[in-house]
Structure formats: C-alpha cells, structure tokens
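Residue-level structure breakdown
The primary structure of each chain is shown beneath.
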Amino acid sequence: VSAFHCKSTWNPHLGSAALELFLSRIGEEIFKLLPGRSNTYNLNKTQWLAMKNLASDRSIVIKSADKGSFVVVWDRKDYILEAKKQLDGSFIYRSISYTEENMQKLAKDSNEIFEELAANNIISKKELKYFTYKYTKAANPGKFYLLPKLHKRLGDVPGRPIISNCGTPTEKISEFLDHHLKPIMQNGTSYVKDSGHFLSMLQEIGDMPEGSILVTADVVGLYQSITNSDGLEVLRIKLDN
C-alpha cells in the first residue's frame, strides 16, 4: 500500500435530522465526562479573558521549549533580536528576492521530477496526482521561527531555528526524499534516535574497559552548515555500505 495518497473527499449521507441531533448531544455529554476534560469546562470568565489577552498580546511570543514540556513566554523584542542575530551576517542564510514567479517555477520543476518518475514506473499515477502541485497553491515561502533553548541558559536565551516547509514548492519533494532516506539512515551504525535509544545502546555495550573515556561532540549548526555536495557524499557512502 502506498504511503502517498490524496485525502478522500467522501462524506457519508446524513440520516434523520432528529437522530443526528440526538447523537451529537450524546457525544458532547460523553466528551465532558472524559478524564482530563474537566478544566476545559471549568474556566471562569476571568480565566478565559486572561487567556484571550495573552493570545492577542503582541509584546510577547508564546512557544514550546526546545526540550521538555515547558511553555515559554518570550519577550517579542528578545525573540526578534535572537532571530536577527542568526539571520544577519551569517554564511548559513542569504537574502533573495521573493517573487511568486520563482515559487511557481520551483513547483513546476517539482512536478516535472515526479512526472519523470511516473513515466519510468517508479511511482504510480495515484502517487503522481498526490505529488503534483497546482501552482496557485504552491507560491508560499517557508516560515522561519525559533524554539527557546532554556536548557542552555535562562538569560539571553538562544533559539533553535526551525524552517516550516508546509505549503511550499519543496514540501512534496522533501516528503518523498524523507520517506525513502529515513530507513537508510536508521540502518547506519551511527544512528541514534533519542536519549532513551542511546541509553539502551550503552546497556548493550556492557562494562567498559578500565580507563575508557566517554566523549560527546556537538557540531553547532551542522545541518545549516553542511554543503549539498558533502551531504550527498555521506549518503553515497551509506548506500555503498
């Protein structure tokens, strides 16, 4: 079964209006009784107003922390300053002129790649339909935002840069590559999924020889800094092995 398919537009036919109303009301009452749902219905007017004011306050930015389950209220001036610090004067990013024509050209190039894959029977016609852009819906640039790295320090908080490709001309090709490259990367000897995976790997190693030293290295800005040619060379080595 293909992992890529267009969303179904099918909707079931409505039955009796009275029955539909009865079922919806029953569903609402059951939903209220679910564990953890009580707070949703117990907020008073003052609390709702406080939440509304926070959501509309333009002097702050509310983000999830980069690590952990914290919600961070970030001063907007500090947020913008950190973003400018990362974007300005860096060899990682460069400024380009945005035009809708450029975005649509990227979408056209993406369509041509998938049309060639379909012509060579690498993807099916249904998959081609999924990957094909309508140019009017593929003219959006990616969105840059930051997640606060509170685990680093509490003052002058650094941010982890995130680029959201949702709705951009490179979203489809990125999804296709990620789907096919992920199993290759996961089979590599250097692959570590998360902290839990790392701890289980240490258990498999067992007792370390006397005098052993465990060392970690953190490459700052690896994914933003690595060149396309270097990345492709690493991928070629993994495929050869």
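Residues numbered from 1 in each chain as written. Predicted model: local features only at pLDDT ≥ 70, side-chain atom pairs only at ≥ 80, totals over all residues. Heavy atoms only, no water.

**So, the overall build of the protein chain**
Of regular secondary structure, the protein chain possesses ten helices and four strands. Residues classed as buried in the protein chain amount to 17% of the 241 residues present. Approximately 19,500 Å² of the protein chain is accessible, and the part contributed by carbon and sulfur atoms is 58%. (Helix = DSSP H or I, 4+ residues; strand = E, 2+ residues; numbered from the N terminus. Buried < 20%, exposed > 50% of the residue type's maximum accessible area, 1.4 Å probe, protein only. Areas by Shrake-Rupley, 256 points an atom, 1.4 Å probe, with all protein chains shown as cover.)

**Section: the packing of helix H5 (residues 100-119) against helix H7 (residues 171-186)**
Two elements in contact, H5 and H7, have axes whose closest approach is 9 Å; the angle formed by their N-to-C orientations is 45°. It follows from the interaxial angle that H5 and H7 lie oblique. Two packed elements cross with a definite hand, and for H5 against H7 that hand is left-handed. For the pair H5 and H7, the contacting residues are Ser110, Ile113, Phe114 and Leu117 in the first and Lys172, Ile173 and Phe176 in the second. Residues of the contact of H5 with H7, tallied by class, amount to five nonpolar, one polar and one charged. (Axes fitted to C-alpha atoms, helices over the stretch in contact; angles between N-to-C directions. Parallel < 35°, antiparallel > 145°, perpendicular 65-115°, else oblique. Left-handed = near helix turned anticlockwise from the far one by under 90°. Contact = heavy atoms within 4.5 Å. Nonpolar A, V, L, I, M, F, W, Y, C, P; charged D, E, K, R; others polar.)

**Focus: the pattern of salt bridges**
Pairs may arise between side chains of opposite charge once their charged atoms sit close together. Under the counting rule described, the total for this entry stands at seven salt bridges. Asp66 is the partner of Arg160 in a salt bridge, and the nearest nitrogen-oxygen pair spans 2.6 Å. Of the two residues, Arg160 is situated in strand S4 (residues 159-164) and Asp66 in the loop between strand S1 (60-64) and strand S2 (71-75); the sequence distance between them amounts to 94 residues. A salt bridge links Glu112 to Lys108, with the nearest nitrogen and oxygen atoms 2.6 Å apart. Taken together, the positions of Glu112 and Lys108, both in helix H5 and four residues apart, correspond to about one turn of that helix. Under the relative-accessibility criterion, Glu112 is labelled partly exposed at 38%. Salt bridges linked by common partners bring Glu82, Lys85, Arg153 and Asp156 together as one network. (Salt bridge = Lys/Arg side-chain N within 4 Å of Asp/Glu carboxyl O.)

**Examining a nonpolar patch on the surface**
A cluster of nonpolar side chains, Leu19, Phe22, Leu23 and Ile26, forms an exposed patch at the surface whose accessible area comes to about 380 Å². Topologically, Phe22 is positioned in helix H1 (residues 17-33). (Patch = residues over 30% accessible without salt bridge, like charges linked within 9 Å, V, L, I, M, F, W, Y side chains within 5 Å.)

**Examining the nonpolar core**
Phe4, Phe114, Leu117, Ala118, Ile123, Leu128, Tyr130, Phe131, Ile173 and Phe176 together form the largest nonpolar core, which totals ten residues. Of all the elements in the fold, those that place two or more residues in this core are H5, helix H6 (125-131) and H7. Each residue touching Phe114, except ones within four places of it in the same chain, is listed here: Ile123, Leu128, Phe131, Lys172, Ile173 and Phe176. Val61, Tyr79, Ala83 and Val157 belong to the second-largest nonpolar core, a separate cluster that totals six residues. (Core = buried A, V, L, I, M, F, W, Y, C linked by side-chain atoms within 4.5 Å.)

**Some remarks on the side chain of Thr168**
Turning to its location among the elements, Thr168 is positioned in the loop between S4 and H7. Apart from residues lying up to four places away in sequence, Thr168 is in contact with Tyr133, Asn140, Pro141 and Gly142.

**What about the packing of aromatic side chains?**
Under the counting rule described, the total for this entry stands at nine aromatic pairs. Ring plane angle 85° and centroid distance 5.2 Å describe the contact between Trp74 and Tyr79, whose orientation is recorded as edge-to-face. No difference in accessibility class separates Trp74 from Tyr79, as the two residues are buried. Both rings, one in Tyr93 and one in Phe144, keep their centres 6.0 Å apart while their planes meet at 85°; by these two values the pair is edge-to-face. Pair noted here: Tyr93 is in the loop between helix H4 (76-87) and H5 and Phe144 is in strand S3 (residues 143-148), with a separation of 51 residues, a long-range link. (Phe/Tyr/Trp six-rings, centres within 6.5 Å; stacked < 30°, edge-to-face > 60°.)

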